[in-house]
Every structure is written in C-alpha cells, then in structure tokens.
Amino acid sequence: MRRALSAAAVLLAMLLAMAGCDKIDSKALPGYTVRLNLGDIARWNTYGVSGVGEYRVFNRSKRLPANFPYDVNTYTGFGGVLLIMGLDISSSTYAPVAFDAACPVEKSADVTVGIDADNFDAVCPKCGSHFDVLTGAGGPKSGQALTRKLGLTAYKVRATTNGGYVVTSY
C-alpha cells in the first residue's frame, strides 16, 4: 500500500510539472528502429533488470553487452538502448523503462549518457546534463538539456506471455 501511494504521489507531481506551458522535446534525436527481444524468462533473467535503479545498456554496433545474442532482427536505436527499472508513468508502477542512450543535446550516437550511482540520474559526459530516468520519463533535470527543454527519447517496453519484455520504438 505504501509503495503504491508513493508511486501515485510521484505521478501526480510529474503530471503537475508537465502541465506548465513549457513542453519537453523528447524527439530531438533522429528516429531509428528499436527492437530488443528479452521476451522469454531465461533471456530476461540473464539480461533484464529487476531492482529499482538497476540498468543495462544495449548497443548492437558496439556489441554491448558483449555476450548478448544479437541477430538480424535486433535494432538498438540511435545511440543504444538504456534499460532501467523505474516508474512506468502510464501505469504508476515500477517496471522496466527504456530510453535512447544518446544525449539529445549533443545529438551524436557516440555521446551516450551514463547512470550516476548516487541518484540514478542519466548524465551526459560531454554537456553534463542530468535526466530523470527513474521517475521523470527521461525529462531533463539540469544543464543544457533543461535550458533547451530536451528529454531522452523513450521506447516502449511491453511484457510478453513468456515472462520477459520486448523493447521497441513507438
């Protein structure tokens, strides 16, 4: 009950923040196809995320993670896929959420965000912008991203009947 209440409070705060006249542009990056199949329980248990703040980056061209079984049907977006256990704002529950790992300020596939272990913000190593990936749908928290109102590009994460998840572009 307490967890549901706190998730609802976070969602309400996010909705109020987004209700202002300033909109966040979360489509600043070029549109690339995303299809990351973690759809069966074995693959999810090996490569998925389970605890709040746990994350993993998938990038086919860089072979990250090194042992992931990439195939011809796997696409990892512009700068890779950042998969993290956070708050799904559509359902107000903690669930895996995914974003393009490229910084929307830098707009380069080679400049990707990392996760700050202290607060679980996604942080750009070049411009220093911080993004809220746990509770803020990838919205900017500080830096040029906040000034320019640029958020991370979100991807759709859907549960499968086999116990895992599939990440796709919208």
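Up top you'll find the structure we're talking about.
Notes on the structure in this doc start here. Within any chain, residue numbers begin from 1 and follow the written order of that chain's sequence. Only residues with pLDDT of at least 70 get local features here, since the model is predicted, and only at 80 or more are side-chain atom pairs given and counted; chain-wide, interface and lining totals rely on the full set of residues. By convention in this description, side-chain values take in all heavy atoms of the structure and omit both hydrogens and water.

A word on the nonpolar core
Right, on to step 1. Ranked by size, the top nonpolar core spans 20 residues in total, and within it Cys 103, Val 113, Ala 122 and Val 133 carry the most contacts.
Right, on to step 2. To qualify as a helix, a DSSP run of H or I must reach at least 4 residues; to qualify as a strand, a run of E must reach at least 2; elements of each kind are numbered from the N terminus. Elements that contribute at least two residues to this core include exactly strand S4 (81-88) and strand S5 (93-100).
Right, on to step 3. A contact between two residues is defined here by any heavy atoms of the two lying within 4.5 Å. For Ala 122, the contacting residues outside a window of four places in its chain are Leu 82, Val 113, Gly 114, Ile 115, Ser 129, His 130, Phe 131, Val 133 and Leu 152.
Right, on to step 4. Among buried residues, the Ala, Val, Leu, Ile, Met, Phe, Trp, Tyr and Cys ones that are joined through side-chain atoms within 4.5 Å form a nonpolar core. Relative accessibility decides the category of a residue: with a 1.4 Å probe and only protein chains considered, values under 20% of the type maximum give buried, values over 50% give exposed, and everything between is partly exposed. Grouped together as the second largest cluster of nonpolar side chains are 15 residues, Leu 36, Leu 38, Phe 68 and Val 167 included.

Quick word on the pairing of strand S10 (residues 154-159)
Consecutive side chains of a regular strand alternate in pointing toward one face of the sheet and then the other.
Right, on to step 1. Pairing between strands is defined by DSSP: at least two bridges between them are needed. Here 2 bridges tie S5 to S10, and the two strands are oriented antiparallel to one another. Each residue of the ladder has a partner; that of Phe 99, found in S10, is Ala 154.
Right, on to step 2. The pairing of S10 with strand S11 (residues 163-168) spans 4 bridges and is classified as antiparallel. Bridge pairing in S11 places Lys 156 opposite Thr 168.
Right, on to step 3. Counted along the chain from S10 to the antiparallel partner S11, the turn is 3 residues long.

Details of the sheet that holds strand S9 (residues 139-142)
Right, on to step 1. If you trace the 4 strands from one edge of the open sheet to the other, you get S6-S7-S8-S9, paired in antiparallel fashion. Edge positions in the open sheet fall to strand S6 (114-115) and S9, since each of these has one partner strand only.
Right, on to step 2. Where strand S7 (residues 122-123) meets strand S8 (residues 130-132), 2 bridges bridge the pair, whose relative direction is antiparallel. Each residue of the ladder has a partner; that of Ala 122, found in S8, is Phe 131.

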